[in-house]
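# A look at the structure
Chain by chain, the residues:
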Amino acid sequence: MKKTAWIAAALLAAAWAPVSAAEAAPASSADTLTAISGELDTAASVGVIGGQAAGFIPKLDLGDGMSYHPVDLRSLDPTLPETAVWGQLRIDKDGILQTADVIDLAGENPDLDAVTEGMFGPGSTVTAEGVQKIALFNTILGRAGAMLNEAILNGIADVRKQSGEPLPYSILHTELRSVEALHLMEGTGGGLVYTTGARVLVYADGWVLPGYVRAYLWKVGTSYRTILLWANDSQKDAAQAAGDRLVRRLVTER
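The structure reproduced in this document is the subject of the present report. (Residues numbered from 1 in each chain as written. Predicted model: local features only at pLDDT ≥ 70, side-chain atom pairs only at ≥ 80, totals over all residues. Heavy atoms only, no water.)

## With respect to the nonpolar core
For clarity, the cut-off: Remark: nonpolar core denotes a set of buried residues (Ala, Val, Leu, Ile, Met, Phe, Trp, Tyr, Cys) joined through side-chain atoms within 4.5 Å. Relative accessible area decides the class of each residue, using a 1.4 Å probe on protein chains only: under 20% of the type maximum gives buried, over 50% gives exposed, and in between gives partly exposed. Secondary structure counts use DSSP, requiring at least four H or I residues in a row for a helix and at least two E residues in a row for a strand, with both numbered from the N terminus. The contact rule is simple, with two residues in contact once any of their heavy atoms fall within 4.5 Å.
One finds Leu-89, Trp-218, Ile-227, Leu-229, Leu-246 and Val-247 to be the most contacted residues of the largest nonpolar core, which totals 24 residues. Within the residue set of this core, elements represented by two or more residues are strand S1 (60-63), strand S2 (66-71), strand S3 (86-93), strand S4 (96-107), strand S8 (207-220), strand S9 (223-232) and helix H7 (236-252). For Ile-227, the contacting residues outside a window of four places in its chain are Phe-56, Ile-57, Val-102, Ile-103, Asp-104, Arg-214, Ala-215, Tyr-216, Trp-218, Leu-246, Val-247 and Leu-250. In terms of nonpolar packing, the next biggest core, distinct from the first, is built from 10 residues, Phe-120, Leu-182, Leu-192 and Tyr-194 among them.

## As for the pattern of salt bridges
To be explicit about the condition: Salt bridges, as used here, are contacts in which a Lys or Arg side-chain nitrogen is within 4 Å of a carboxyl oxygen on Asp or Glu.
Summed over all chains, the structure comprises seven salt bridges. For Glu-180, the salt bridge is made with Arg-214, and the minimal N-O distance between the two is 2.9 Å. Taken together, the residues Glu-180 in the loop between strand S5 (172-177) and strand S6 (183-184) and Arg-214 in strand S8 connect sequence positions 34 residues apart. Its relative accessible area of 2% is what places Arg-214 among the buried residues. Salt-bridge contacts for Glu-253 lead to Arg-249; the nearest nitrogen and oxygen are separated by 3.1 Å. Taking the relative accessible area as the measure of exposure, Glu-253 reaches 56% and is therefore exposed.

These results come straight from atomic positions and should not be treated as a statement about function.
As structure tokens, this is what we get:
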């Protein structure tokens, strides 16, 4: 039981540990990329979306056995926004029900404006600066596994220091596989929607937990829309298909 508590504490500590994007950028990057990296570092330190974000996805029937169901967590915490920020994608096909958990956030953020400047250009265009920023994001994605494990080690160190327990540094680490480059989705009716995904293997105290994560980002006016979904690795194909369909529905019917 104590080991289980240590693992949970280490995961939470690692999840909240800020990761420096500046350290992830190559030392030979041009001045522009260095400046962008600094912007990313600032955004990471305050949170990409910020504290005022709220969920924005209602219950939806997506067709072909796919549906989205928001979950109201106010029964657990009345201070949460009225609109649920957590939900579940369900894919019911051939008598088999597959699911993916979803977090959806909407809100304005000046820090994210600086980070993504040029990626959402006028008239749904991507400027030269936006292309450079996409390249930097993908450089960081290529090193995301090492960055995440460094954050986990820092989190374990904090837990050891605060609890006084000799939590092994080897008790938890992750491995990212099949990481997709950040790219624009097709079939969005001309809207700019960026997406990326990866398989995630979590090694925790001798256990291997295979999973899949996918993220989407777009803008509506001056407000950002972000969706993060995760599922068991065995359900990754169904989760991606349902996630893509959900996003296309939201973007084309805005």
